[in-house]
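# Coordinates in review
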Amino acid sequence: MNEDSMIQVESLSKRFTLHNQGGVQLQVLDDVSFEVERGQCLVLNGPSGTGKSSLLRSLYANYLPQSGKVLVRHDGDWVDMVHAPSHQILEVRRLTMGYVSQFLRVIPRVSTLDIVSEPLRRQGVDGALARERAAQLLARLNIPESLWPL
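These figures come from a predicted structure and were not determined experimentally. (Residues numbered from 1 in each chain as written. Predicted model: local features only at pLDDT ≥ 70, side-chain atom pairs only at ≥ 80, totals over all residues. Heavy atoms only, no water.)

Take the pattern of salt bridges next. Per the stated rule, a full pass over the model turns up three salt bridges. We note a salt bridge from Arg 122 to Glu 118, for which the minimum N-O separation is 3.1 Å. Of this pair, Arg 122 and Glu 118 both sit in helix α3 (residues 112–122), four residues apart, which is roughly one turn of the helix. The class of Glu 118 is partly exposed, set by a relative accessible area of 28%. (Salt bridge = Lys/Arg side-chain N within 4 Å of Asp/Glu carboxyl O. Helix = DSSP H or I, 4+ residues; strand = E, 2+ residues; numbered from the N terminus. Buried < 20%, exposed > 50% of the residue type's maximum accessible area, 1.4 Å probe, protein only.)

The following block contains the structure:
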């Protein structure tokens, strides 16, 4: 593994059983492997139903894949999110990795900037600095400033 790697996905496979359709098996991820380095921005692009959200949910350990590894660099060590105990997954989520669903259910009238800066504020970072770092991240992701107050 590269020393700049932050996420390493190895042979990840995920399928769903559609019980309401006679137990049909739907393979959404099949032997997916990739690496994300420190500072790298990765885009998942493809039509609806190709597994983008399932991959993200697997990275965050919301979905349990049938096979493979999701290695996340956390506090200098590697944590396999597929096999890690619950308390370790929660620690990675609290300190290392965040996830924002495409189906936001946030409190009305809370700005995007406040939502993105919230994890830093929970860690004790000053509010102004947390908002500044959130603004840097939103700009890096090319989120138009006109959407930040929404």
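Structure's up, so let's keep going.
To continue, consider the pairing of strand β4 (residues 77–80). Both strand β3 (residues 67–74) and β4 contribute to a ladder of four bridges, which runs antiparallel. Across the sheet, the residue bridging to Leu 71 is Asp 80, located in β4. (Pairing = 2+ DSSP bridges.)

A separate point is α3. Those residues of α3 that sit buried are Leu 113, Ser 117 and Leu 120. Seen end-on, α3 carries its buried residues on one side only, within an arc spanning 35°. Where α3 is buried, its residues touch α4 (127–140). Gly 124 occupies a position one or two residues after α3 and carries a positive phi of about 95°. (Arc of directions from axis to C-beta. Contact = heavy atoms within 4.5 Å.)

This part takes up the nonpolar core. Side chains of a nonpolar character, in soluble globular proteins, are inclined to be buried together. The biggest cluster of nonpolar side chains holds 18 residues, and the ones touching the most others in it are Leu 12, Leu 59, Val 70, Val 72, Met 81, Val 92 and Met 97. Counting residues per element, the ones that place at least two in this core are β1 (5–18), β2 (24–37), α1 (52–59), β3 and α2 (86–95). Filtering out sequence-adjacent residues up to four positions away, Met 81 remains in contact with Leu 59, Tyr 60, Ala 61, Val 70, Val 72, Ile 89, Val 92 and Met 97. Counting residues in each nonpolar core, the second largest holds five residues, with Leu 113, Ala 135, Leu 138 and Trp 148 among its members. (Core = buried A, V, L, I, M, F, W, Y, C linked by side-chain atoms within 4.5 Å.)

In spatial order, the strands read β2-β1-β3-β4; together these four strands make up an open sheet with antiparallel pairing. Edge positions in the open sheet fall to β2 and β4, since each of these has one partner strand only. Shown here is a sheet whose adjacent strand axes are inclined to one another by a mean of 25°, direction ignored. Sitting on the sheet, α1 is in contact with β1, β2 and β3, with an inclination near 65° to β2. The sheet contacts of α2 involve β3 and β4, and relative to β3 the element is tilted by about 50°. (Axes fitted to C-alpha atoms, helices over the stretch in contact; angles between N-to-C directions.)

Let's shift gears to the pairing of β1. Along any regular strand the residues' side chains alternate between the sheet's two faces. Sheet analysis places β1 next to β2, joined by ten bridges and oriented antiparallel. Considered in β2, the bridge of Leu 18 is made with Val 24. If you look at the hairpin formed by β1 and β2, you'll find five residues sitting between the two strands, and Gly 22 has a positive phi there, around 75°. Strand direction decides the pairing type here: β1 and β3, joined by five bridges, are antiparallel. Residue pairing for β3: Ser 13 is matched across the bridge by Ser 67.

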